[in-house]
Structures are given as C-alpha cells and as structure tokens.
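Structural description and commentary
As a plain string of letters, each chain reads:
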Amino acid sequence: MPNRLYRSFQALLLLALFLFLMSKIFNNQLLWYINQRFVVLTQIGIVFLAILAQRLFTEVRLARERQKVEAHDHDHNHDHAPSPVNLWIMLIPLLIGILIPAKPLDSSAVSAKGLTTSSALISSDSTSRLFETESEQRNILDWVKLFYFEKDLNPFIGQQASVVGFVYRDESLPQGQFFVSRFILSCCAADGYAVGMIVDTPQADTFEKDTWIKVTGSVDAVSFDGKPSPLIHAETIEIVPQPDQPYLYP
Amino acid sequence: MTATTASRRASRTVIWFILLFVLIIVLASIVPWSLFLNLVSRLNLFATVFLGIFIEALPYLLFGTLISGLVEVFLDRELMARFISKRPVPAAITGALMGLVFPVCECGVIPLTRRLFHKGLPLPAGIAFLLAAPVFNPIVIFSTSAAFGWGPMLMWRVGLSLFIAIVVGLVFAVEQDPSNVLRPMLMSVHDHEHTHNETLSFGDKLQQALLICADEFFEMGRYLIIGAMLAAGLQTFIPQTSLLAIGSGQILSVLVMIALAVILSICSTVDAFVALSFVGTFSFGSILSFLVFGPMVDIKSTLMYLQVFHRKPVAYLILIPFLMSLLAGIAFNYFAP
C-alpha cells in the first residue's frame, strides 16, 4: 500500500474512533463500559485522538505537496508503509461498537460473572460511614457491604430500605422471590460482577428480568449460599427507567 | 508483495467472508430460537466487555506511545549511556526503578521499552523496567494503597515485583547480543528524516513525535484489540463463577487467581480494586500472586510482547514470573495463612 494512502486511512480511522467515542459521551453510554473515575482520562484520550488525526491529515497534505515538487522516481525511497493489517484491526472496535447494539451488563451477564449477596469490595474502615447514612439512602452495595462486615445484624433487621436495581431471576431462589441487582465496576466492564438483595413479594412473577425497579420495604436477614444475605419484604415495587449510571462503584 | 499474490489474497478473503456468511445463515436456520436469543445476549456481553477493556486501556496506550515518540526525538543516546550502567546488576536495578520516572502501566510500557532498547538501553535494564514499571510507579502504588492501605499487601506487591523484575533482567544479561532477543523494529516512514534530526526545531521534533506516536498506536493497538477480544471471549464463554468454584486449596487457589489475572486483562492501575473483591474468598497469598503476576503477563501484553521479542524470550518473560509468583503465593498460603 502506498505510504500516503496508508496515512490517509490512519487519519480516517483515528477520526472515526474519535467520533465514535464522542457519540458515546454524548448519549451517556461511556458509563456502560468504564468506571466513572476513568471518564476524564478517557476524554483526554479522545482529544488526543483528534490531535493525532489532525497531525496525520497534515502529513498527508504535506506529502502530496512534496510529491508535486519532487520527481516521481524519487518516490520508492519513501514507499514502505507498515502492513495494512494494522488498519483492518483498528476497524474492529468500530464495527463491534456500531453493529452490536449497546447494552450495559444485565441478567445474562450475571450468569457468566456471578452474583454475590455479601462481599468485601472495599477496606472495612469505610463501613462506619454506612451506619450514619439513613437506611433508605443506602444502595444495594451498601447493604451488601454491611451484611458482610457486621457480625451482629439485628440492628438492621426491620429497617426500611429503598433501592434501585434490575430484576435478576435465580433458580435457586424459592417461588415468590427474585434478586434486585446491580453490577459493581472497579475498572471496566471486564471486571464487573453483580451484587443483589433478595426481594420477597407475592407479585414476583409480574416483573420481567432486566426490568429496572425501585423496591421499598423492610429488611430481613436470610441465609443464601451459606452466607447471611439481605432480603427485602417488598411493600411497593415501581418500575423506573434505567439510571444514567447503571453500575455502582466500590 | 507482487500484484498477483495480493489479488489472490484479496479473492481468498472474499471467499472466506462468503463462507462465513453462509455458515451464519445455516446456523441461524438450524439452531432453535431460544439458543439464538441466548447467543445474542452473549454477543452483547462480549461487546460490552470488549469495549470496556478497549476504552479503558486506550488513554494508557496513547500515553505510552506518546512518551515513546518523545523519547525517540528528544532523548540522546549519550545521555542514556551516562545514566545507565552497562554492568548487569546495576543496570537491572536501575531498570526496575525507572518506573518512577516513566509512570506507565502494562499497555504503555511495552512500546516505551522497545523505544528505549532502540536508543541503546542494556537488555537487563529494559527487561527489569518492562516487568517492574507497571507496579512500581506512583499511580499504581497510590491505587494499591487506596484499596489495601499502606500495609503488607502493598509492601509485598512492590517488593516481590521488583525482585522478580530484577531476577528476570539478570537472566537476560546472559545474552550478549540484543538482536537475539529483540525483533527488528519496523522501519516506518519517519525514519528517513532521522539523518537531519539535529537541525530540526522544537516544533518540528514535536510534530515528528506525534507521527511516531500514531504509528505505534496502530502497531500496538492491534494487539490490544486482539487481546481484548480474546479476553472478552473467554469471559463470555467460561463463567467466572466456575473458575472461582474450583479455587480452594493451597496451590489451586493461587493458580486460579493467576488464571483470573490473565483472563481479566485489566490495567495495573486499577487491579488492586478488583483484587479487593476477592478478599473474602481468597487467601492473602493468592491475591498477592494476582497482583504481582497480572501486571507482568496477561493476554494483551503477551501479544504485544510477541511484537517486540522473539518467541523464546517471550516464553522466559512469561514462565519465570509465573513460577516465581506461583511459588510466592503458595509459600504465603502455607507459612502465613
């Protein structure tokens, strides 16, 4: 492949990557892939992609001018562009991003990545904060952490909880129960895994899996998988839109 | 490459695409609908995980290639020769500590190391840098301490990584001729401008660094992409739960955590937070080996190594850290559970 053509394709690919990632920022989908803390870094990266693309476009233009000035036979000296395979492969993330409909991690990912009802997730010294928060302000992750770290769960039983998550059905749960679940991301979707609270409600069958719901009710402790796990005796369950930020961060 | 082989290759590609298309259609008509839906949701999971790894690693790779470009145009060979000894032991130690100067993670360190080799960095120093820098740099030390506190986990992680890096660096000191280890660097277009590098202005040099950065981004990016695809594929089809289920026992638990480090392929700047989620389930030793081995070897970095080194050195780069972190993890499991 002639060198100038290679450069043009490079520039176009970088530009396409830039536009693709910009679109992810504008439709708020960047948070479906990475932890919030990387957003700024990614934005810097995206700007840099644009700078590189611009640099390559300039190079193409300069090369064209150079070619006009120089005799044509001089050309073969410059003509050893790297393998075009590089370009094809850079097309892959664009194709995957555009052709496969974007979706955050959901029920089908739980079966691959696992769900836990009690886990460490963060150094224990930060749980003291959780005592101070109103029980209704705690999210699913907070409850899961409390149930992991606290030896005595009695103070929490009967507290009012109000959490948002998606419906996940697990076959090991009895009739009339399902999980309200969230994915936890430390880094990116690769390390995501689900935490959940059991929801106990007579109308358990009416909710489709992956529906986003807000569950309100009193908390109870049950044993799931041999570990003490939080359960909500649901008083109200309302369907809510998927939050802008579908994951929780440890 | 002549025109005929090129066109033959192109027509072969077209045939492959048609075959693939036919295969998809046939499969879609045979396979029951529910399995098909399952496959679609798997595909969604694959895409999300793949883009997750790719987007997260992208700025780090760009940063690494940018530094590499800057090193190429601004760093003198003489300057480097003055700072880094030719004798193996001091070279390996300086190399291992160089992460403090170049804060890069495992995606960025590979193009940078290659560039430094190109500038005449001795083998032991470069190898030690390659293995130690993803852990021994301010960003990673800070994130590890944020996850585990300034405690034994951080100390052992840093200490063990430096130790392994220096040992592997010294192993490579046996080889006198770097060309037996390093694959020749692809001479791309910018190299013909080398000769009058000295006369270039600062702005021109910067422009040239950007061009090198772009080339290297494409060259290394392809391994990041293939590696991320492999990792996402493995995660989609091997449930993590089944891996964790076999993860008990003094030796097996270490092996499972090492396997997980390879499959997850996450950046060393954040792997400490991921490791934290295994604290309840896994022992100190297994998590330590996850934190030590993960930054040195995973799917995407292995592919990038193959671009820089010959096959045999890559085998050493993987096997020695593997055995050492495995032994360390097992030792902790037995003696300090």
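Overview of the structure. (Residues numbered from 1 in each chain as written. Chains lettered and ligands numbered in written order. Predicted model: local features only at pLDDT ≥ 70, side-chain atom pairs only at ≥ 80, totals over all residues. Heavy atoms only, no water.)

All names here are of chain A. The sheet contact formed by strand β4 (residues 193-200) and strand β6 (residues 227-239) spans three bridges and is parallel. By the bridge assignment for β6, aspartate 200 is matched with histidine 233. Of the pairings in the sheet, the one linking strand β5 (residues 212-224) to β6 comprises 12 bridges and is antiparallel in character. Residue pairing in the sheet places isoleucine 213 in a bridge with isoleucine 239 of β6. A loop of two residues connects β5 with β6, the two strands running antiparallel in sequence, and aspartate 225 in this loop sits at a positive phi of about 60 degrees. (Pairing = 2+ DSSP bridges. Helix = DSSP H or I, 4+ residues; strand = E, 2+ residues; numbered from the N terminus.)

Here the focus is the environment of Arg4(A). Residue and element names in this part refer to chain A. Residue position: arginine 4 is located in helix α1 (residues 3-26). Sequence separation of arginine 4 and asparagine 139 is 135 residues, and the distance between their C-alpha atoms is 55 Å. Not counting residues within four places of it along the chain, the set of residues in contact with arginine 4 comprises Val60, Ala63, Arg64 and Gln67. (Contact = heavy atoms within 4.5 Å.)

Because an α-helix completes one turn every 3.6 residues, residues spaced three or four positions apart along the sequence face the same direction. Residue and element names in this part refer to chain B. Of the residues making up helix α4 (residues 88-97), those classed as buried are Ala91, Ala92, Gly95 and Ala96. Along α4, the residues classed as buried sweep out an arc of 130 degrees about the axis, all on the same side. Contacts made by the buried residues of α4 are with α6 (123-132) and α8 (152-173). (Buried < 20%, exposed > 50% of the residue type's maximum accessible area, 1.4 Å probe, protein only. Arc of directions from axis to C-beta.)

Take the nonpolar core next. Ranked by internal contacts, the top residues of the largest apolar core, which has 158 residues, are Phe217(B) and Phe309(B). In terms of residues, this core owes the most to one element, helix α2 (residues 33-74) of chain B, which gives 16 residues. Core analysis: the second largest hydrophobic core is formed by 26 residues, Ala161(A), Val163(A), Ile184(A) and Ile213(A) among them. (Core = buried A, V, L, I, M, F, W, Y, C linked by side-chain atoms within 4.5 Å.)

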